[in-house]
Protein chains: 2
Amino acid sequence: MTATAPEAHPAGPGPHPAGRRERKKQRTREALVDAAFRLFAEKGFDGTTVEEIADAVDVSSRTFFRYFASKEDVALTFQEEQHAAMLSALTDRPADEPVLTAVRRAVVGIAVACERGDLGFDPDRFECMMTLTADSDNLMAGSLEHAQKKQAILTRAIAARMGTDPATDLRPHVVASSVIAAFHAAADALTTDGLGFERLSDAVDAAFELLEAGLNYPSEGARPE
Amino acid sequence: MTATAPEAHPAGPGPHPAGRRERKKQRTREALVDAAFRLFAEKGFDGTTVEEIADAVDVSSRTFFRYFASKEDVALTFQEEQHAAMLSALTDRPADEPVLTAVRRAVVGIAVACERGDLGFDPDRFECMMTLTADSDNLMAGSLEHAQKKQAILTRAIAARMGTDPATDLRPHVVASSVIAAFHAAADALTTDGLGFERLSDAVDAAFELLEAGLNYPSEGARPE
DNA sequence: GGCTAAAGTGTCATGAAGTGACACTTGTCG
DNA sequence: CGACAAGTGTCACTTCATGACACTTTAGCC
């Protein structure tokens, strides 16, 4: 869930000016996320109970649900951050790039950053997320739903870049959903060897290249005149 | 006990030679689906419990779960059938149509059929599904997951049409996911008025048109040389 | 017809997710 | 310090989901 977003200054080494209560809350939240991922990595998503996560941090499971709306939610923190980073990267793209190109570079940039452990999160955890999502139906469903919800924001960002209004123009909607689709296809492609992708960033780049080039391929049965 | 069958069937010679057991099972299943949709329409998806559905058909809730893996599952019967119909329509398209075009016509054809109540299911229920999915997060997640799972099949169908191998060619993956994305974008667009779509089939057609034409629109900031 | 094996179902028990109510503790601020 | 609010624990409860076991119905066979 969206934190109340107090101060966003990770650079401050000293004590945060935001009051003890807020700091403690933040620490508990992070501890829950850490414990959750440790346990997920160890026993899988479905194999881990909320109670175990809460116990590992020494809070009641009731408290867990005061920080996260569901068990999925704690795992999806990640995608939340990635998505935010991606949006920010998108607005940083030069204004004259065509939309798909801009989105492509933004997404690939984030993927590379994740793989290298920049952006503040651990690349292992990034890897872990992919595994978890792949083998828990519940988490997969949650992940898809999350993406779906974020799509509206992406649609607006894309519309802004196109200088159009998403309330009256279907195009940004189709672009946004296709973009997310391409991303998912890429994530999928990673697990299918034979396609020969080592890194997510490579797969994403390839998928977007196809999307940019247009998808209306001829059928096999088409007779060349 | 519990022999109070709601609909007494004429004890005459069964027209179906398929065995009484099988017929009874089928009837129970259909009764569950019917009751579920009736209750969903009345009280919403989240507002309806499995027990209520089971009670309405006079079976135990344990039995409900012998027919459906989850509460979502019973609602998704529908998408299951639509998807199957769509695949079948796709293979019926002329062999020389380019892929996107073929998929577009198949999907639009199914949408029209649904709206008209052909294909054996009730158009009201079709409408109901859209409403339900829109206001239950759980059902939305389930629906998305279902689509995701079916995507693999669509990918193969598209690959077959292109005469290529999905294990070594990324294109059918991207096409399949984009196609599903376009469909979702269309479903979304229906609820956004201002886009001016009355029927799903119209929205789908428009979304596919955009997809076919290519999505890499210029940004507003692009300076025309 | 009657017997048997298996399919289908009900009942009971259990586990885990998620929520509401209420009291207790602790940080914040005057 | 004292009042107030935020955060938390505990308890009770609902719902989804699954496993175990016994009972009933059906199918198949003699």
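Predicted, not measured: the structure shown is a model, and the values here were computed from it. Residue numbers here run from 1 along each chain, matching the order of that chain's written sequence. Chain A is the first chain written and ligand 1 is the first ligand written, with later ones labelled in order. The predicted nature of this model means local features are confined to residues of pLDDT at least 70 and side-chain atom pairs, given and counted, to a pLDDT of 80 or more, with totals for whole chains, interfaces and linings taken over all residues. In computing side-chain properties, one takes all heavy atoms of the structure into account and sets aside hydrogens as well as water.

S.K.: Explain the protein's contact with DNA strand D to me, and be specific about the residues and the numbers.
M.R.: If a single non-hydrogen atom of a residue is within 4 Å of a molecule or strand, that residue counts as near it. Taken together, 24 residues form the shell around DNA strand D, and within it A:Lys25, A:Thr63, A:Arg66, A:Tyr67 and B:Arg20 come nearest. If you look at DNA strand D and keep only atoms within 4 Å of the protein, 54% of those are sugar or phosphate atoms. Side-chain polar atom of A:Tyr67 to a phosphate oxygen of DNA strand D: 2.9 Å apart, as the coordinates give it. For the purposes of these results, a polar contact is taken to be a pair of N or O atoms within 3.5 Å, where, inside protein, one atom must be able to donate a hydrogen and its partner to accept one; residues adjacent in sequence count only when each atom of the pair is a side-chain atom. Within the backbone of B:Val50, an N or O atom sits 3.1 Å from a phosphate oxygen of DNA strand D. Put simply, DSSP H or I for four residues or longer makes a helix, DSSP E for two residues or longer makes a strand, and each gets a number counted from the N terminus. For the surface near DNA strand D, the elements supplying multiple residues, two or more each, are helix H1 (20–43) and helix H3 (61–67) of chain A together with helix H1 (20–43), helix H3 (61–67) and helix H4 (71–92) of chain B. Residue contributions to the surface near DNA strand D peak at four residues, all from H3(A). Among the residues making up the surface near DNA strand D, the classes are represented as five nonpolar, seven polar and twelve charged. Here the nonpolar group is Ala, Val, Leu, Ile, Met, Phe, Trp, Tyr, Cys and Pro; Asp, Glu, Lys and Arg are the charged ones; every other residue, Gly included, is treated as polar.

S.K.: Which residues make up the side chain of B:His173, and what values do they have?
M.R.: Along the polypeptide, B:His173 turns up in helix H8 (residues 171–191). Here the side chain of B:His173 touches B:Asp169 through a polar contact of 3.4 Å, landing on its backbone oxygen. Once you skip the residues sitting within four places of it in the chain, B:His173 turns out to touch A:Ala185, A:Leu195, B:Gln151, B:Thr155 and B:Pro166. Here, two residues are considered to be in contact whenever any of their heavy atoms come within 4.5 Å of each other.

S.K.: Mind laying out the packing of aromatic side chains, listing which residues take part and the relevant values?
M.R.: Geometry of aromatic contacts follows a simple scheme: Phe, Tyr and Trp rings, the Trp one being its six-membered ring, pair when their centres are within 6.5 Å, and the pair is stacked under 30 degrees between planes, edge-to-face over 60, tilted otherwise. Per the stated rule, a full pass over the model turns up ten aromatic pairs over all chains. Relative to A:Phe45, the ring of A:Phe40 lies with its centre 4.9 Å away and its plane at 55°, an arrangement referred to as tilted. Arranged with centres 6.2 Å apart and planes meeting at 70°, the rings of B:Phe37 and B:Phe40 form a pair that is edge-to-face. Of this pair, B:Phe37 and B:Phe40 both sit in helix H1, three residues apart, which is roughly one turn of that helix. Across the pair, B:Phe40 and B:Phe37 agree in class, each one buried. Through pairs of rings, three or more aromatic residues link up here, namely A:Phe37, A:Phe40, A:Phe45 and A:Phe78. Geometrically, a lysine NZ or arginine CZ counts as sitting over a ring once it is within 6 Å of the ring centre and also within 35 degrees of the ring normal. Sitting over the ring of B:Tyr217, A:Arg171 keeps its end group 4.7 Å from the ring centre. We note B:Lys71 situated over the ring of B:Phe45; from NZ or CZ to the ring centre the distance is 4.7 Å. The buried label applies to any residue whose accessible area, calculated with a 1.4 Å probe on protein chains only, is under 20% of its type's maximum; exposed applies above 50%, and partly exposed to all values in between.

S.K.: Just give me the short version of the domain arrangement of chain A, but keep the residues and values in it.
M.R.: All names here are of chain A. Segment limits for the domains were obtained from an automatic or database-derived domain assignment. Parsing chain A into structural domains produces domain 1 (17–69) and domain 2 (76–213). Distance from the C-alpha centre of domain 1 to the C-alpha centre of domain 2: 27 Å. Listed as interface residues are ten residues of domain 1 and, on the opposing side, ten residues of domain 2. What gets called buried area is simply the loss in accessible area from a 1.4 Å probe that two parts show on being joined, summed for both. At the boundary of domain 1 with domain 2, total buried surface from both sides reaches about 780 Å², with 67% on carbon and sulfur atoms. Area buried by domain 1 at its contact with domain 2 is led by Phe37, Phe45 and Asp46, which between them contribute 66% of it. We define a salt bridge as a side-chain nitrogen of Lys or Arg found within 4 Å of a carboxyl oxygen belonging to Asp or Glu. Salt-bridge contacts for Asp34 lead to Arg125; the nearest nitrogen and oxygen are separated by 2.9 Å.

S.K.: Run through the interface of chain A and chain B, naming residues and quoting values.
M.R.: A common way to express how large an interface is: the accessible area buried when the components associate. Taken together, the contacts link 54 residues of chain A with 54 residues of chain B. For the pairing of chain A and chain B, the buried interface totals around 4,400 Å² over both sides, and the portion due to carbon and sulfur atoms is 63%. Seen at the junction of chain A and chain B, the total is two salt bridges. Between A:Lys149 and B:Asp137 there is a salt bridge whose closest N-O contact spans 3.0 Å. Between the two partners, chain A and chain B, sit 16 residue pairs in polar contact (both at pLDDT 80 or more). Among the residues making up the side of chain A that touches chain B, the classes are represented as 29 nonpolar, twelve polar and 13 charged.

S.K.: An account of a positive patch on the surface is needed here, citing residue identities and associated values.
M.R.: All names here are of chain A. A cluster of basic side chains, namely Arg20, Arg23, Lys24 and Arg27, defines a positive patch on the protein surface. Considering the arrangement of structural elements, one finds Arg27 in helix H1. On the basis of relative accessible area, Arg27 is assigned to the exposed category, the value being 54%. The patches described consist of residues with a relative accessible area above 30% and no salt bridge, like charges being joined within 9 Å and nonpolar side chains (Val, Leu, Ile, Met, Phe, Trp, Tyr) within 5 Å. Accessibility throughout is a Shrake-Rupley quantity obtained with a 1.4 Å probe, and a residue counts as covered only by protein chains that appear here. We count Lys and Arg on the positive side and Asp and Glu on the negative side, and we leave His and both chain ends out. A charge is said to be at NZ when it belongs to Lys, at CZ for Arg, at CG for Asp and at CD for Glu.

S.K.: Please give an account of the relation of the copies chain A and chain B that cites residues and values.
M.R.: Note on the identical chains: chain A maps onto chain B by a rotation of 180° and an axial translation of 0.0 Å, with an RMSD of 0.1 Å. What we have between these two chains is a two-fold relation. Interface overlap between copies is the fraction of interface residues in one copy that are interface residues in the other; for chain A against chain B it reaches 100%, indicating a shared surface. We place the copies in one frame by least squares, fitting the C-alpha atoms of every residue whose pLDDT is at least 70 in both.

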